[in-house]
Amino acid sequence: MITIPTEGTTLTSPFPYRADQHAAALQALAVFLVQSEMILASWDSYSDRHTDTDGWPYDDESYGWRKVQRDTQTWRAFEPVRRSARYLLATARFQLQHIAAGDIEPRWPWQLSELAQAYDRLEALRTEWAQTREAMRTSRPTHEEFIDALAERNAEAWGYLDAWATHGHALLDLHAVALKAPAPAPIAVANPAQQPAAGQSAVRR
């Protein structure tokens, strides 16, 4: 498990969000990054063993259900991060504005944008799923129909979850640099919950 350093100046969130809460959120992200990498490695290993040289699965049904397992595991692994993801992003943007230009990696602004877009799409999927569940109260689907609907949501979410697995380390890197930066003057920052949704994120696989 990655231990998040807390010593130093630390450019923490400009809205009410304690340093220990921020550290806990970063720790949850670090755990997700490890778990998602393990999930992906397991999937890649399975895929390599169960497809031919052209990439076609030997058994479509078994292959499909193994992919469903991958999607479900990744969705569940992200849940602890989701609760504080918007605040992590807002804090990272704040930190990015106050660290020295020479300490900024050129990829960070783009990665933060990718993470924000992926998060917005994941939240939209959560809302859509809540509406689907409500509709199911009256439609009373079979167990198989319910599982298929849930698998479809997780499949659509996987690319956005993978964006967090791919670019989430930028939040940890920014935090590490912010620890060494001088404390900024207090400024007013909008509540991240009021920020507008963004578009779609790129998919790695």
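Along each chain, residues carry numbers from 1 onward, in the same order as the chain's sequence is written. Two thresholds apply to this predicted model, a pLDDT of at least 70 for residue-level local features and 80 or more for giving and counting side-chain atom pairs, whereas whole-chain, interface and lining totals are computed over all residues. Neither water nor hydrogens contribute to the side-chain values; these are computed over all heavy atoms in the structure.

## Points about the overall build of the protein chain
(1) Moving on: Broken down by element type, the protein chain carries six helices and zero strands.
(2) Moving on: Sequence-distant contacts, at least 24 apart, represent 83% of the contacts inside the protein chain between residues at least 6 apart.
(3) Moving on: When the accessible surface of the protein chain is summed, it comes to about 11500 Å², and 52% of that surface belongs to carbon and sulfur atoms. Here a helix means four or more residues in a row that DSSP labels H or I, a strand means two or more in a row labelled E, and each is numbered from the N terminus. In this description, contact between two residues means that some pair of their heavy atoms is separated by no more than 4.5 Å. Here the Shrake-Rupley method, with its probe set to 1.4 Å, supplies the accessible areas, and only the displayed protein chains count as covering residues.

## Quick notes on the environment of His 175
(1) Moving on: Of note, His 175 is situated in helix H6 (residues 169-178).
(2) Moving on: When accessible area is computed with a 1.4 Å probe and restricted to protein chains, residues below 20% of their type maximum are described as buried, those above 50% as exposed, and intermediate ones as partly exposed. For His 175, a relative accessible area of 5% gives the class buried.
(3) Moving on: Separated by 152 residues in sequence, His 175 and Ala 23 place their C-alpha atoms 9.4 Å apart.

## A look at the pattern of salt bridges
(1) Moving on: The salt bridge definition used is simple: a Lys or Arg side-chain nitrogen within 4 Å of an Asp or Glu carboxyl oxygen. A full pass over the atoms with the stated rule returns nine salt bridges.
(2) Moving on: Of the charged contacts in the structure, one is a salt bridge between Arg 70 and Asp 71, with a shortest N-O distance of 2.9 Å. Here Arg 70 matches Asp 71 in class, with each residue buried.
(3) Moving on: For the salt bridge of Glu 79 with Arg 126, the shortest nitrogen-to-oxygen distance reads 3.4 Å. Here Glu 79 is found in helix H2 (residues 60-82), whereas its partner Arg 126 is found in helix H4 (residues 107-139), with 47 residues between them in sequence.
(4) Moving on: Through salt bridges with shared partners, one network takes in Glu 79, Arg 82, Glu 123 and Arg 126.

## Details of the side chain of Arg 153
(1) Moving on: Following the sequence through the fold, Arg 153 ends up in helix H5 (residues 143-167).
(2) Moving on: Buried Arg 153, no salt bridge; nearest opposite-charge side chain is Glu 79, N-O distance 7.7 Å.
(3) Moving on: The contacts of Arg 153, once residues within four sequence positions are left out, are Trp 75, Leu 125 and Trp 129. Neither His nor the chain ends is counted toward charge; the positive residues are Lys and Arg and the negative residues Asp and Glu.

## Regarding unusual backbone geometry
(1) Moving on: For Arg 140, which is not glycine, the phi torsion reads 50 degrees and is therefore positive.
(2) Moving on: The topology assignment puts Arg 140 in the loop between H4 and H5.

## Concerning the confidence of the model for the protein chain
(1) Moving on: Mean pLDDT over the protein chain stands at 84; residues scoring 70 or higher make up 79%.
(2) Moving on: This model gives residues 5-9 a pLDDT under 50, and the stretch forms ten contacts once residues within four places in sequence are excluded.
(3) Moving on: For every residue, the pLDDT score states the predictor's confidence, bounded by 0 at the bottom and 100 at the top. Long-range and interchain partners of residues 185-190, a stretch whose pLDDT sits below 50, account for six contacts in this model, where long-range means more than four residues apart.

## Quick look at the nonpolar core
General note: in soluble globular proteins, nonpolar side chains tend to be found buried as a group.
(1) Moving on: Ranked by size, the top nonpolar core spans 37 residues in total, and within it Leu 29, Phe 32, Leu 89, Leu 112, Leu 122, Trp 164 and Leu 171 carry the most contacts.
(2) Moving on: Within the residue set of this core, elements represented by two or more residues are helix H1 (19-49), H2, helix H3 (85-98), H4, H5 and H6.
(3) Moving on: Sort the elements by how many residues they give to this core and H4 lands first, with eight residues.
(4) Moving on: Ignoring any residue separated from it by four or fewer positions in sequence, one finds Leu 89 in contact with Leu 112, Leu 115, Ala 116, Tyr 119, Trp 164 and Leu 171.
(5) Moving on: What is meant by a nonpolar core is a set of buried Ala, Val, Leu, Ile, Met, Phe, Trp, Tyr and Cys residues, joined one to another through side-chain atoms within 4.5 Å. Residues Leu 40, Trp 43, Tyr 63 and Trp 158 belong to the second largest nonpolar core, which totals five residues.

## A closer look at the packing of H4 against H6
(1) Moving on: Working convention: axes come from line fits to C-alpha atoms, limited for helices to the stretch in contact. Angles between N-to-C directions cover 0 to 180 degrees. Viewed as axis vectors pointing N to C, H4 and H6 meet at an angle of 135 degrees, and their least axial separation amounts to 10 Å. In terms of orientation, H4 and H6 fall into the oblique class. Crossing hand, H4 versus H6: left-handed. Residues Arg 107, Trp 108, Gln 111, Leu 112 and Leu 115 of H4 form the contact with H6, whose participating residues are Ala 170, Leu 171, Asp 173, Leu 174 and Val 177.
(2) Moving on: In terms of residue class, the contact of H4 with H6 is made up of seven nonpolar, one polar and two charged. When an angle is under 35 degrees it counts as roughly parallel; over 145 it counts as roughly antiparallel; between 65 and 115 it counts as roughly perpendicular; any other value is oblique. Note: crossing handedness is left-handed where the near helix turns anticlockwise from the far helix by less than a right angle, and right-handed where it turns clockwise. When residues are grouped by polarity, Ala, Val, Leu, Ile, Met, Phe, Trp, Tyr, Cys and Pro land in nonpolar, Asp, Glu, Lys and Arg in charged, and all others, Gly among them, in polar.

## With respect to a negative patch on the surface
(1) Moving on: Like charges within 9 Å and nonpolar side chains (Val, Leu, Ile, Met, Phe, Trp, Tyr) within 5 Å are joined into patches, using only residues over 30% in relative accessible area that form no salt bridge. A charged residue contributes its charge at one atom only: NZ of Lys, CZ of Arg, CG of Asp or CD of Glu. A cluster of acidic residues, Glu 144, Glu 145, Asp 148 and Glu 152, forms a negative patch at the surface.
(2) Moving on: Positionally, Glu 152 belongs in helix H5.

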